[in-house]
Structures are given as structure tokens and as C-alpha cells.
Amino acid sequence: MKHTVLIIIMALLFTSCQKHNGVQINIDTNTFISQNYIGNGVQWSAYPHADTENAEWGQLMTDEKWAMNFHRLDYMQPKLFRLLDQANWRYLVGFEKDGTPILDFNTPEVKALERILDYAQENNITVLFGEWGTPYQVHDTDHGHSDQFSGANDPKYINIIVEYLDYLINTKGYTCIKYYNLINEPNGDWASTYGDFVEWKEGVELLAAALKERGLDNNISVAGPDAVTRYDNPRSTYTGIGWVEETAKQLDDLVGIYEIHDYTEHNFVKTGEFTSFHKKAVDIANKANKQIIFGELGFSRNGEANQKEAQADPFACEDSQMEVFDYSYGVIMADALIQSMNAGFAGSAAWALDDAMHTCGDLGNKNELKRWGMWNSLGTELCGNPDDENMRPWYYSWSLLCRYFPTGSSIVKTETTGIDGLRLTAGVYNDDISIAIVNNSDVDQVLNLSIPEALTLKKFVYFDGERVIDGEGFPMAVEEGIKVDKDLKVSVAADSFVLLTSLDF
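Residues numbered from 1 in each chain as written. Predicted model: local features only at pLDDT ≥ 70, side-chain atom pairs only at ≥ 80, totals over all residues. Heavy atoms only, no water.

**Things to note about a negative patch on the surface**
Note the threshold: Only residues whose relative accessible area exceeds 30% and that form no salt bridge enter a patch; like-charged residues are grouped when within 9 Å of one another, and nonpolar side chains (Val, Leu, Ile, Met, Phe, Trp, Tyr) when within 5 Å. Residue exposure ignores everything except the shown protein chains as possible cover, and the areas themselves are Shrake-Rupley values with a 1.4 Å probe. Think of a salt bridge as a Lys or Arg side-chain nitrogen and an Asp or Glu carboxyl oxygen that are within 4 Å of each other. Positive charges come from Lys and Arg, negative ones from Asp and Glu, while His and the chain ends are left out of the count. Where a charge sits is defined by one atom per residue type, namely NZ (Lys), CZ (Arg), CG (Asp) or CD (Glu). Where helices and strands are cited, they refer to DSSP runs of H or I of at least four residues and of E of at least two residues respectively, numbered from the N terminus.
Together, Asp-196, Glu-202, Glu-205 and Asp-253 make up a region of like negative charge exposed at the surface. Tracing the backbone through its elements, the reader meets Glu-205 in helix H6 (residues 197-213).

This is the structure:
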């Protein structure tokens, strides 16, 4: 291993202040794509099948399991959590005879969810909170109480949401909760809204009014539209990107931040089309003078090869991305994230942190895990495989892109390389800089960077099946104390990710 690491360092070693071949990129640290960057993070749910003694699997998420997650997040230093749940999983415990909802904010399930909020509060992490969908709708005949709520625009449903937020924000003091999702991916034919924009819009209007009436509008605002922008639902009046356009036209005064999802494709990212497509949503948000984030970002699981792998895994369901086990996922996710930053997004949350969070349909079948995570906290308990609890390769690149682009960074406007698959982004934080580079191609490349400041950098490399980690599995720099005076040559191997930073933690 030591021999391999030395080879990597020698192969990728950069020098300064000398003539060389390669692509010339000038980094102007006074010209920005965006400022007040929120930061990157993850989707983290509160383990509805395993977080209490009442759960389907019992309380498998012990204090030790939670501590393992916290420890790994301590290194990652995420700046954004998307935390969605369901009223009937936590605080909606029944109904009176007249249909009045019975709420209990002291359930073990609420206390379990508060573990995530406690961590976010202690670590200054922005939380995008919300619910997956309207429970007990008229057309929901599978779970009882089928006539209790009529949809996302039911005032009775909006009222219980606001009661819950009032408890979390005013009683518990969770100032980390900044934004609220009303219905997950409401443009989808799988959503509780079935793609009905009018229902969702009316729900947002009711929610915004109720938050204002309760005096919560200074603490939290609506995030929208939460649409999957590259999905066009034939049931819906609008296309995926049309949901963003119509949110701006019809609801802009009620939306505090724009937010979308994408489960993208390899070629779409490699060619840079990812940037050009999603820039449309950024332009809409910019025109409204508001930020935009990815609430969920990942890669499509629909490919034939991926589905075959999922079928071969006795613990995975079809809604799994099996590439999370491969080094390649760390490169393509870094590429998508770098492109999002260069397009003007203010942050992105990866789907997802942990396999143990969800099952298909959230029915609790132990052999139907949604394999999307950076690890599986319950690898031993569910799969009989302790190694499944280890951090997967893509944790390396994603954690660095969280850790070294802190909240408040300014994303520098950098030149394009002109080479498909070769991209970089840079962030300035106070007097420090971080530069993330991805070579999502099969050809080695060289970048000649011109930086106006003299810096001392450290360098991380994620390369062709290799990543330098410490004894706990956390990323380690391959080189530190690198003195750079304006000019910097960086050799970037094919299918690799490199991060250079002057930030020191």
C-alpha cells in the first residue's frame, strides 16, 4: 500500500513557476459566480424502521450506531441536511371521533428524530425539513383513516405541520430548521399530489399564511418546488423545469429558497449538459434574487446493468444505486457537484447517507433496502455483514467537497478547460481557497493554474481505485505544506478527483 501511494504521489506531483504543457486556467479570486454559499451535505432520515422499540425492526439504531454516524459526519462537516419524515411516523398518533388529529410531540419517534436536529443545531448545519407526503388521504386506502386528509391543500393537514414546527422551533429552539418542503417531489406521479400543481400551490399558500400567523415566518420559509426537473409527468400541467418557472410566476413571494432534484445520467454529466440544463433553474432563482439548491442529487438507478446488480443483492430493492460500492461513483458525483457549483447552486444534498434509512415503499422489508448510502449502519444486524458498515469509496470525495467549501464561501468564476470531463471549481473563504478538480474521462490531463495569491496548500487525491485514508477510514492528504507562488501545475489522472486547499481544521 505504501508503495502504491508513493507511485500516486509521484505521478500526480505538481510543480510551480516553470514552463509546462497543459490547459491554462486563470483563477480570479475577485470574480464570483455566487456568494454566501450554504454548503453541501446529505439526505439523512431518522431510521423509521429501526429507531425505537416500537419500530418494525425494534431499536436496532442503538446509541453506538448513532455515535458512529456522528463521528463520520464530524469529519465530513456537512453544511446542509435534507430531513424529511412523515406525520404518522412521529407525532400524529390518531384522530378524535370528529376527525380532529391527535398530536403527541413527546413520542419516542420524535425523540429519535431530534437526535439529527440536535446534531445539526450543535454544528450550525442548515436543515431543509419536511414531509414525504400527505398521510391518510382520500385515495390512500392501504393504511386506514382514508378520509382524514384530502391532500396537501387540506387546512387540517397544514395545521398539524405548523403545530409541529412551532414545537420544534419555539419550544425546542431548533434554529437550524430554515426551510420547509411541502410534499416530496410533488411533480412526480409517485407523489401524494400525483403531479397536481394546483393542489401543491394551494398547500404552499396555506402553509405560508399559517407560518406568518403563528409568527414563524421569520424562522422558516417554504422551499420549492422540490421538483425532479428532468422528469415530465404526463399527468401534470407543467414539465419538470416548468414547475420551477411556475413557482417563480405564481409563488415567488412565498418561497424562501428554490430547490430541485436530479437523478442524472453519466453521459449527461460527462458532456457538461448537466450544467447547461440546470442553469435554467439557476437563472430563474437569480432573477428572483434568491438561492437555489439540490435537495437530492444522485445518479439514475434505471440502467440495465444496475438493475441486474440490485437483483443479485439479496438485501437490495430495485430502488438502489449499486455503483455506490464502486470507486467510479466518487468521481461522477464529484463531477455533478462541481458542475452545480459552477452553475450557481448554493448547495447540494446527496441522496443518501445510509442504506439503513429506507426500504422500498418504506414497508420495512429487511431484504428490500434502498442501497444508496455511504455505508449501511445495520450491515451486521440486517445483512450479517459487518463490512457493510464501512465507509464506501464515494464518502472520500463527497466529504471533502462538504468539508472544504464552508458556509459563507464565495464560488469563484473559473474558465472552462475546453476538455470534456475535465472541470474545476474554486471557493474562497476569508483568506483561504479550495480548488476541486475532476477528470471524468479516460485520458490523463494537465492543468496550469494561475492564482493571484501566494498560498500554502495540501492535496487530496482520489485515483483509479486508490485513496489515502487514516486508520479510521477518513481522507488523508497525500501532501501538505506545499508552497505555491501564483503558478501551479496539476497533473490529473484519468477518472480521478483532486482537491487542493489552504483551509486547515
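Next comes the rest of the description.
**Details of the confidence of the model for the chain**
Segments scoring low in pLDDT should not have their predicted coordinates read at a detailed level. Rules: Residue-level confidence of the predictor is summarised by pLDDT, bounded by 0 at the bottom and 100 at the top. The contact criterion used throughout is that any non-hydrogen atoms of two residues lie within 4.5 Å.
With 94% of its residues at a pLDDT of at least 70, the chain reaches an overall mean of 94. Predicted confidence for residues 1-20 stays below pLDDT 50, and this span has 33 contacts to residues more than four positions away or in other chains.

**A short note on the sheet that holds strand E9 (residues 255-264)**
Selection criterion: Two strands make a pair as long as DSSP finds a minimum of two bridges between them. Between N-to-C directions, angles span 0 to 180 degrees; the directions come from axes that are lines fitted to C-alpha atoms, helices contributing only their stretch in contact.
Strand order in this closed barrel of eight strands is E2-E3-E6-E7-E8-E9-E10-E11, and the pairing throughout is parallel. This sheet shows a mean twist of 25 degrees between the axes of neighbouring strands, independent of strand direction. Seen against the sheet, H6 touches strand E7 (177-182) and strand E8 (221-228) and runs at an angle of roughly 145 degrees to E7.

**A short note on the layout of surface pockets**
Just so we agree on the cut-off: Both cavities and pockets are sets of points on a 1 Å grid over the protein atoms alone; in a cavity a 1.4 Å probe fits but cannot get out, in a pocket the set is open with protein on both sides within 12 Å along at least five of seven lines, and lining residues sit with an atom within 4 Å of a point. Grid points are joined across faces, edges and corners, and a volume is the space filled by probe spheres set on the points.
Volume-wise, the second largest pocket comes out at about 350 Å³. Lining the second largest pocket are 19 residues, with Thr-275, Asn-342, Thr-416, Thr-417 and Arg-423 sitting closest to its centre. For the lining of the second largest pocket, the secondary structure elements donating two or more residues are helix H9 (273-287), helix H11 (327-343), strand E12 (409-414) and strand E13 (422-429). With three residues, E13 is the single largest residue contributor to the lining of the second largest pocket.

**Considering the packing of helix H4 (residues 108-122) against helix H5 (residues 155-171)**
Each pair of packed helices gets described by two things: the angle between the helix axes and the distance between those axes. We apply this condition: Should an angle fall under 35 degrees it is taken as roughly parallel, and over 145 as roughly antiparallel, whereas 65 to 115 is taken as roughly perpendicular and any remaining angle as oblique. By definition, turning the near helix anticlockwise from the far helix through less than a right angle yields a left-handed crossing, and turning it clockwise yields a right-handed one. Classification convention: Asp, Glu, Lys, Arg as charged; Ala, Val, Leu, Ile, Met, Phe, Trp, Tyr, Cys, Pro as nonpolar; all other residues, Gly among them, as polar.
Closest axis-to-axis distance for the H4/H5 pair is 13 Å, and the angle between their directions is 55 degrees. Between H4 and H5, the crossing angle belongs to the class labelled oblique. Two packed elements cross with a definite hand, and for H4 against H5 that hand is right-handed. Contacts from Val-110, Lys-111, Leu-113, Glu-114 and Leu-117 in H4 reach Tyr-164, Tyr-167 and Leu-168 in H5. Tallied by class, residues from the contact of H4 with H5 come to six nonpolar, no polar and two charged.

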